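As a plain string of letters, each chain reads:
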Amino acid sequence: MTLSCYYDGSGDAKGVVTLTGVAAPESLWVAFKQRWDGILQRYSLEALHMTDLMAFQGAFKGWRGDHHRRASVLRDLWNVMGEFRCDSSLARPLVAYTCSVLMADWNRASESIQHLASPESMCVDFCVGSVQLPKECTDEKRPLVLYFDRNEKFMRKVDRVWRRRRRQRGSFHRDR
């Protein structure tokens, strides 16, 4: 069994830095994608980009002022996630991780804590480093597959976490 993990980051050096991810066995993603795509089709959407939805831009430009519609699509999509997180019939349900660092607090802490990890490193350490591999995954050549957006700034931090967790657990494999 291989776990597939999808991550997305956001934020900037002035406000909040956030990384969110979802992890589940590859076999679960087929059913999840079917349900997720069904919701997107219901709202005539090709994809969900939260930045666009919250700012009523891109595919959501025509939604300006329609807060009920925006709330409805979010509710329906979060309910799909909930179905796959809470379904007791699933051997390995979908698991979600999120980490946010308030930059004002981090800046204050960095003044007194020497070598404080970067906000991106903290988020990667929690969201990637916390993924629990089931015993069934330990014999896989690639027990964990990570997906990030192209040019995602958090990607630069993954290798350090990956190597440290591999030493600690001995079960992470990495293709070179």
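Above this text you will find the structure in question.
Attention here is on the structure that accompanies the text. (Residues numbered from 1 in each chain as written. Predicted model: local features only at pLDDT ≥ 70, side-chain atom pairs only at ≥ 80, totals over all residues. Heavy atoms only, no water.)

Here's the deal with a nonpolar patch on the surface
- A contiguous nonpolar surface patch, about 300 Å² in accessible area, is contributed by Met50, Met54 and Trp78.
- By the element assignment, Met54 lies in helix H2 (residues 50-55). (Patch = residues over 30% accessible without salt bridge, like charges linked within 9 Å, V, L, I, M, F, W, Y side chains within 5 Å. Areas by Shrake-Rupley, 256 points an atom, 1.4 Å probe, with all protein chains shown as cover. Salt bridge = Lys/Arg side-chain N within 4 Å of Asp/Glu carboxyl O. Helix = DSSP H or I, 4+ residues; strand = E, 2+ residues; numbered from the N terminus.)

Remarks on the environment of Asp159
- Counting through the fold element by element, Asp159 comes out in helix H6 (residues 155-169).
- With relative accessibility at 26%, the residue Asp159 sits in the partly exposed group.
- With 35 residues separating them in the primary sequence, Asp159 and Val124 have C-alpha atoms 9.7 Å apart. (Buried < 20%, exposed > 50% of the residue type's maximum accessible area, 1.4 Å probe, protein only.)

Things to note about the layout of surface pockets
- By volume, the largest pocket is sized at about 1,200 Å³.
- If you go around the largest pocket, you meet 27 residues; those closest to its centre are Tyr6, Tyr7, Asp8, Trp36 and Leu48.
- Mapped onto the lining of the largest pocket, the elements with two or more residues apiece are strand E1 (3-11), strand E2 (16-25), helix H1 (26-42), H2 and helix H3 (67-86).
- The element that contributes the greatest number of residues to the lining of the largest pocket is H1, accounting for seven residues.
- Its residues assigned to classes, the lining of the largest pocket comprises 15 nonpolar, seven polar and five charged. (1 Å grid on protein atoms, 1.4 Å probe; cavity = no way out; pocket = protein on both sides within 12 Å on 5 of 7 lines; lining within 4 Å. Points joined across faces, edges and corners; volume = space filled by probe spheres on them. Nonpolar A, V, L, I, M, F, W, Y, C, P; charged D, E, K, R; others polar.)

Notes on the sheet that holds E1
- One open sheet accounts for four strands, arranged E3-E2-E1-E4; its pairing is mixed. Every other strand in the sheet has two partners, leaving strand E3 (95-102) and strand E4 (144-147) as the edge strands with one partner each. The sheet shows a mean angle of 15° between the axes of neighbouring strands, taken without regard to direction.
- Bridging between E1 and E4 involves four bridges; their strand directions are parallel. Residue Tyr6 lies in a different strand from E4, and its bridge partner there is Tyr147. (Pairing = 2+ DSSP bridges. Axes fitted to C-alpha atoms, helices over the stretch in contact; angles between N-to-C directions.)

Side note on H3
- Between its terminal C-alpha atoms H3 stretches 28 Å, which fits the 28 Å expected from 20 residues at 1.5 Å a residue.
- Every buried residue of H3 is accounted for by Arg70, Ser72, Val73, Leu74, Asp76, Leu77, Val80, Met81 and Phe84. (Expected span 1.5 Å × (residues − 1).)

What to know about the environment of Asp149
- With respect to the helices, strands and loops of the structure, Asp149 is situated in the loop between E4 and H6.
- Distance from Asp149 to Asp8, taken between C-alpha atoms, is 6.7 Å for residues 141 residues apart in sequence.
- Once residues lying within four places of it in the same chain are set aside, the contact partners of Asp149 are Tyr7 and Asp8. (Contact = heavy atoms within 4.5 Å.)

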